Structure formats: structure tokens, C-alpha cells
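Here is how the chains run, residue by residue.
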Amino acid sequence: MNRLVRRLVPMVVCLLAVLAAASGGCGPSDADREAKPSSMRAESARGGAEQGAAGEDAANAATPVVGGRLILGEIGDASNLITVLSTDSSSAEVASHIYTRLLKYDKDLNVVPEAAESFEVLDGGKRLRFKLKKGIRWTDGVKLTAADVEFTYKLMVDPKTPTAYAENYRHVTGFKVLDPYTMEITYNEVFARSLTSWMIDILPKHLLEHENILDTKYSRAPVGAGAYTLTEWTAGSRIVLDANPDFHEGRPYIDRLVYRIIPDTATMFLELKADNLDMMGLTPQQYLFQTSGKDWAERIHKYEYLAFAYTYLGYNLDRPLFKDVRVRQALAHAIDKQEIVKGVLLGQGVATSTPYKPGTWACNENIKPYSYDPAAALALLEEAGWKRQGDGGPLMKDGKPFAFTILTNQGNEQRLKSATIIQSRLAAIGIAVKIRTVEWASFIKEFVNPGNFDAVILGWNILQDPDIYNVWHSSKAVEGGLNFVRYRNPEMDELLEKGRRTLDQKERKIYYDKIQEILHRDQPYCFLYVPKALPAVQARVRGITPAPAGITHDFYHWWVPRDLQRFSLQQQ
């Protein structure tokens, strides 16, 4: 259920979302989340389902009942359930059920209230006013008030808080609590992401105010005001959530969510097949060839749509090997993206050259992809001082071969297969590539965050707002920042800053088109593909209604007929 991420854990690219790969997801909709690097994701991102299961309308017409559990597959374990401190999608996915937020996206990707009763955008966007619903309580019984929102905001901007998401809140010039349920937030100038930045998990002031946020029991035993509460967390094995009967939007129908940590999609698929999982994101191979026939159609409902996510090869620009832009451009010519789409995705996706979803307003459709052209690659490499030794020999410069390691996370077959194809294509022009996979939590903590890598294959969720400041601004090229490839460009910084200072879409389009041109020229990433989301859900689960936000936008309205339930909180 992972990458489906439900509600935006703020920050502009809330980060890594990455999503790329197929996973198993579940959870409110990806459209509701920001980007966080992800190990793999199930339903993966937003985007309306193009295909659903037969007979679904009839199934949805029945009367929903409470009870049952869903078992969901996750490739990686959560790291920290105080999400301002985490940058992985597994943590965001679980936390999305535990906490509530002022705002969320609806099924059509409109911003609507969640914990807020109402909101107003005033003074041309320079002032926001939120009024909280009365009666929301933390699961320990204490009332949730504007003081909790203010506390969360102050935690985000506190220099002592090591969060990757602070930038959105540093634009705030005033936070005023007008009464226990009303607050007003002001900005000196228009900030395009001001509204969506308040899709942040609200944290309990009364519990965390005097805690060392970096060493608190609440990172693994959180108290929230969301739809579910944490009842069990066995590291590396499973996370169990039980329905919150007092959830302010109404108790979810499903009693219990069980996240099983299964490190690879092949094993996860066997568990789905054996009826030991209720939901996962299928690989293209599984979707096209391993889930066909009457038996599967009766047992499993499959969905298909282009994800709001992309996969990329990112270079560590602090490594001397990748500092020359001609080298990076040469690699773009040496990699056959169409081969990856056909060989890895089996056509279930499209090649891409930008960080935006094809067909959306922010995507620069005038970007001309680098052609697959090994001769052009070698010519650029020779300009950069790399010469081929003999006929078919290695590329050498200053007596050293062109060699590096591509790092990616364990369990993600698409990324591993992509790396293998890239390895083969680069070997053909004399570049030696090694491939290494690492368990997800270690991958992020020990390699990605500190910049301890040559190149990585990862992915990002694509947000509804095109602001990619947190991933590409020079100020984020620090340890733990989202700009972990260490890309620094003053021209890019200026455009990123301008893009978030206006609400005019036409003006923003000019900035973001230019941003894409710069990325295309500089190639800090070799953008590879936008995959299709291929979620599969056991047929006994009812109430699924595909929409632009994905299939999990109304996750708390999913239900299981009583005679098909396998668990009930009332039975305990």
C-alpha cells in the first residue's frame, strides 16, 4: 500500500516519493501526498483509472458494513511516524492514516477541507484563514485545537528540527491564533504552494511540546487524530492499525489494516495469489501474463492508468566523474529509453524527458528527447577527454577507466532491470557499470541522504503543483536534503523562486518550461519513464471507485461483505 500515499505530507515534493515501481499500495490517494522517495508503490500515484474490474458497479451498489481487515504489501518498513522527520513513502503511507490535516485533495484533485471546517484565501493569496472543526479529539481524548496546528508549524521552522520540508513554512510571516479553532496565516508575498503546504500532518502539542523530537517514544508509538491508530509495529515484519471509532470524518468501514513488509514483488505476488494479501501493485509481467483467466477475474480486480510518478537515473554531481555536462549528455545518448519501456515495463508506461506527467499543463511538450545514438555519445565523451582504448576497449582518461556503480533499492524489479539494461548499453561504449541493491531503510539513511553513491535509480511522485524547489534548488543540496544529487545552478534557483511567487498559471508555465529546458540541457538526472500504476485488489473488497485521484481517494469507504470478513474488532 505504499506509494499510494494518501494525503500529502507536506513539503513540496514531500519528497521522495518516488514512486516508481510497482508496489502494493493502499491508503488514501497518492494525489493527496507529496513526494517522498519511495521504495515502490502500489497504486502509485494519482491519475484516473482507465480500466476497472467487471461487475464493479453491481458490487458497489450493496450496502456497506463495518468489519474485516485488509492486508497490504509494503517493500520497505517505515522509519519514523513523526513524518516531519522522515523522507520515505512507507512512513508517509502509514502516518497518513494516523494523523489528520487541515486540507486534502478530493477525487477530482480539488483542494477541500479535512480537519478544517472551512478555509479562505484572502488578500490575493497573501493571507489564509482556517477554521477547525469542533469536536476533533486526539486518540487519548484531548481536543485538537489551533494550538496544535501552530505547534506543528513552529516545529517545522525550528532550526533544530532536521526536516526536509521547512522551506514551505519559512515563507510564512505571521501565524495568529484568533480563537481555539481559528487561525490566520500571512505571507509578505504570494506563495503558490501556500494552500497545499497545509496538507501537513497535525501533531499533538500536549504530548510533543516538551519531548526531544529526535528521541521520543512517539516516533514509534504515535498519538494522532486520524482514521486509524497504531496497535503493533514489529520492525521489518508488519505494522498493524485499528480503526478509530471517533474519527471526525466518520469511522472507516474496515476494522484493521495490516502492512506486511515483504522485500520483493515476486514474493509479494505469491502472497496475493495465495490470498494472503488483499492489495499490491503489480509488475507489468504480473499484470499482463500472470493474472489472466476466469479464476483471476473472479478473485482479483485489476486497474491500469498512467501514474503521477517517474523513474530516473540520478548522478552524484559532487563526484568528479559526473561534473562535466558533456559526460551526462553523452550518457543520455547512450541509454535507450524505449528499450527500457519495452523490456522492463512491457509497454506499460512511456519514456520521459521531464519531471512532469505527459499531457499535463506543466509539462513542456517541446522538449526534444536525446536520441539513442552511441556514436554521438562517444563524440561527446571524447570532447570531455575520454578516449576508447582500441577496438571495443574501455574508455580511459588520465590513466583511469570510466567506471561507476548504480545503486538502487532491493525488491524493486523494474529498477533493477532498468539498471541492467543501462549497464549493457554503457558497456557497449566502454563504460564499466556495477549494480548494487540495498535494503530500503539503509539505502535512504546510509547512501542517499549523505550522498554516498555514484548514481542511483529512484523515482518521484509528481505533484499537482509543479513547484519542484525542494528537489532542485541549490539550498537543498545538503545532507538530508531532497537535492541529494547536489545540483547547483543560480539560473535554476531564480526560476524556481519566481515560479512559486505567482498564482498566474500562464506566467508559471513560462518559468517551468524554462526549468525543464535547463534540466534537459544539464542532465543531472537522466529521466527514464513514467510507469502505469497497476494496482490489484481482492474482489471481496467493495466500494472502490476509480477517479482522477486514483482508486484510494475514498479508501475509508472501502468495505468487505460480512460473510467474506476474516476479522472483526467487535469479536475481540
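This one's a predicted model, so the numbers in the text were calculated from it and none came from an experiment. (Residues numbered from 1 in each chain as written. Predicted model: local features only at pLDDT ≥ 70, side-chain atom pairs only at ≥ 80, totals over all residues. Heavy atoms only, no water.)

Trainee: Looking at this structure, I do not really get the overall build of the protein. What am I missing?
Mentor: Looking only at helices and strands, the protein has 15 helices and 23 strands in total. Looking at the protein as a whole, 62% of its 572 residues qualify as buried. In the protein, once contacts between residues fewer than 6 apart in sequence are set aside, the share between residues at least 24 apart is 71%. Looking at the protein as shown, the accessible area adds up to about 20,400 Å², and 49% of this sits on carbon and sulfur atoms. (Helix = DSSP H or I, 4+ residues; strand = E, 2+ residues; numbered from the N terminus. Buried < 20%, exposed > 50% of the residue type's maximum accessible area, 1.4 Å probe, protein only. Contact = heavy atoms within 4.5 Å. Areas by Shrake-Rupley, 256 points an atom, 1.4 Å probe, with all protein chains shown as cover.)

Trainee: Is there a simple way to think about the packing of aromatic side chains in this case?
Mentor: Aromatic rings considered in pairs are described by the distance between their centres and by the relative angle of their planes. Per the counting criterion, the structure on display carries 26 aromatic pairs. A centroid spacing of 5.0 Å and a plane angle of 25° characterise the contact between Tyr315 and Phe322, whose relative ring orientation is stacked. Under the relative-accessibility criterion, Phe322 is labelled buried at 0%. A connected cluster of aromatic rings, assembled from ring pairs, spans Phe119, Phe130, Tyr153, Tyr169, Phe175 and Trp198. Between the NZ or CZ atom of Lys302 and the centre of the ring of Tyr287, over which it lies, the distance is 4.3 Å. (Phe/Tyr/Trp six-rings, centres within 6.5 Å; stacked < 30°, edge-to-face > 60°. Lys NZ or Arg CZ within 6 Å of the ring centre and 35° of its normal.)

Trainee: Explanation requested: the sheet that holds strand 16 (residues 387-388) in the structure shown.
Mentor: Strand-to-strand pairing in sheets goes through backbone hydrogen bonds, with the strands running parallel or antiparallel. Here we have 3 strands laid out as an open sheet, ordered 16-17-18, and antiparallel in their pairing. Whereas interior strands pair on both sides, the edge strands pair on one side only; in this sheet they are strand 16 and strand 18 (400-401). As paired elements, strand 17 (residues 395-397) and strand 18 share 2 bridges and run antiparallel to each other. Looking at the pairing, Met396 lines up with Pro401 of strand 18. (Pairing = 2+ DSSP bridges.)

Trainee: Help me out: how do you make sense of the pattern of salt bridges in this one?
Mentor: Any two side chains of opposite charge can pair, so long as their charged atoms come close to each other. Following the criterion strictly, the structure yields 36 salt bridges and no others. A salt bridge links Asp201 to Arg101, with the nearest nitrogen and oxygen atoms 2.7 Å apart. Of this pair, Asp201 sits in the loop between strand 7 (182-187) and helix 4 (205-208) while Arg101 sits in the loop between helix 2 (89-98) and strand 2 (103-105), and the two are 100 residues apart along the sequence. Classification of Asp201 as buried rests on a relative accessible area of 4%. With its nearest N and O atoms 2.6 Å apart, the salt bridge here joins Asp242 to Arg256. One end of the pair, Asp242, is in strand 9 (residues 238-243); the other, Arg256, is in strand 10 (residues 256-261), with 14 residues separating them in the sequence. Arg256 gets classed as buried once you look at its relative accessible area, which sits at 15%. The structure contains a network of salt bridges with shared partners spanning Glu120, Asp123, Arg127, Arg129 and Glu184. (Salt bridge = Lys/Arg side-chain N within 4 Å of Asp/Glu carboxyl O.)

Trainee: What am I meant to see in the sheet that holds strand 4 (residues 116-122) here?
Mentor: As summarised here, the arrangement of the 4 strands in space is 4-5-7-6, forming an open sheet in which the pairing is antiparallel. Either end of the sheet is taken by a strand with one partner, and the two such strands are strand 4 and strand 6 (172-179). With direction set aside, neighbouring strand axes in the sheet form an average angle of 15°. Strand direction decides the pairing type here: strand 6 and strand 7, joined by 6 bridges, are antiparallel. Within strand 7, the position partnered with Gly174 by the bridge is Thr186. This element, helix 3 (residues 146-157), spans strand 5 (127-132), strand 6 and strand 7 of the sheet and lies at about 165° to strand 6. (Axes fitted to C-alpha atoms, helices over the stretch in contact; angles between N-to-C directions.)

Trainee: Is there a simple way to think about the pairing of strand 19 (residues 403-409) in this case?
Mentor: Successive side chains on a regular strand alternate, one facing one side of the sheet and the next facing the other. Most of strand 19 sits out of view: 5 of its 7 residues are buried. Bridge count between strand 19 and strand 20 (residues 432-438): 7 bridges; the pairing is parallel. Looking at the pairing, Ala403 lines up with Ala432 of strand 20. Taken together, strand 19, helix 11 (residues 413-427) and strand 20 constitute a β-α-β crossover, and its handedness is right-handed. Pairing of strand 19 with strand 21 (residues 455-461) involves 2 bridges; the strand directions are parallel. Residue pairing for strand 21: Leu407 is matched across the bridge by Val456. (Right-handed = clockwise from strand over helix to strand, strands pointing away.)

Trainee: Explain helix 2 here, please?
Mentor: Note: α-helices contain 3.6 residues per turn, so residues at a spacing of three or four share the same orientation. In terms of burial, helix 2 is a largely internal element, 10 of the 10 residues being buried. Elements that come into contact with the buried residues of helix 2 comprise strand 1 (69-74), strand 8 (228-234), strand 9 and strand 10.

Trainee: Would you explain the side chain of Arg328 in this entry?
Mentor: Considering the arrangement of structural elements, one finds Arg328 in helix 8 (residues 325-334). The buried charged residue Arg328 lacks any salt bridge partner; its closest oppositely charged side chain belongs to Asp522, at an N-O distance of 5.1 Å. At 2.6 Å, the side chain of Arg328 and the backbone oxygen of Phe322 are in polar contact. From its side chain, Arg328 meets the backbone oxygen of Lys323 in a polar contact 3.2 Å long. Those residues in contact with Arg328, other than ones at most four positions away along the chain, are Tyr315, Leu317, Phe322, Lys323, Asp522, Gln523 and Pro524. (Lys, Arg positive; Asp, Glu negative; His and termini not counted. Polar contact = N/O pair within 3.5 Å; in protein donor to acceptor, adjacent residues only side chain to side chain.)

Trainee: For this particular structure, what's the right way to read the packing of helix 8 against helix 10 (residues 374-383)?
Mentor: Geometry of a packed helix pair, given as the angle between the helix axes and the separation of the axes. Between helix 8 and helix 10, whose axes approach to 8 Å, the crossing angle comes to 165°. Between helix 8 and helix 10, the angle falls in the class roughly antiparallel. As helix 8 runs across helix 10, the sense of the crossing is left-handed. Between helix 8 and helix 10, the residues in contact are Arg326, Val327, Gln329, Ala330, His333 and Ala334 and Pro374, Ala376, Ala377, Leu380, Leu381 and Glu383, respectively. Residues that form the contact of helix 8 with helix 10 fall into these classes: 8 nonpolar, 2 polar and 2 charged. (Parallel < 35°, antiparallel > 145°, perpendicular 65-115°, else oblique. Left-handed = near helix turned anticlockwise from the far one by under 90°. Nonpolar A, V, L, I, M, F, W, Y, C, P; charged D, E, K, R; others polar.)

Trainee: How do you make sense of the environment of Phe404 when you look at a structure like this?
Mentor: Its location among the elements puts Phe404 in strand 19. Those residues in contact with Phe404 that sit more than four places away from it in its chain are Leu321, Phe322, Leu426, Ile431, Ala432, Val433, Lys434, Asp454 and Ala455.

Trainee: Explanation requested: helix 12 (residues 440-448) in the structure shown.
Mentor: Residues of helix 12 that are buried include every one of Trp440, Phe443, Ile444, Phe447 and Val448, and no others. The buried side chains of helix 12 occupy one side of the element, clustering within an arc of 115° when seen end-on. In this structure, the buried side of helix 12 is in contact with strand 19, helix 11, strand 20 and strand 21. Among the residues of helix 12, the N-terminal cap falls to Glu439, whose side-chain oxygen and the backbone nitrogen of Ala441 are separated by 3.0 Å. (Arc of directions from axis to C-beta.)

Trainee: I tried to follow the packing of helix 14 (residues 490-499) against helix 15 (residues 505-522) on my own but got confused; where do I start?
Mentor: Two elements in contact, helix 14 and helix 15, have axes whose closest approach is 9 Å; the angle formed by their N-to-C orientations is 155°. With respect to helix 15, the axis of helix 14 lies roughly antiparallel. When you trace helix 14 past helix 15, the crossing you get is left-handed. Within the contact between the two elements, helix 14 uses Glu491, Met492, Leu495, Leu496, Lys498 and Gly499 and helix 15 uses Arg508, Tyr511, Tyr512, Lys514, Ile515, Ile518, Leu519 and Arg521.

Trainee: I'm lost on the environment of Ile200 in this one. Help?
Mentor: Structurally, the position occupied by Ile200 is in the loop between strand 7 and helix 4. Looking at Ile200, the relative accessible area reads 4%, which means it is buried. As for Ile200 and Thr100, which are separated by 100 residues in sequence, their C-alpha atoms are 8.1 Å apart.

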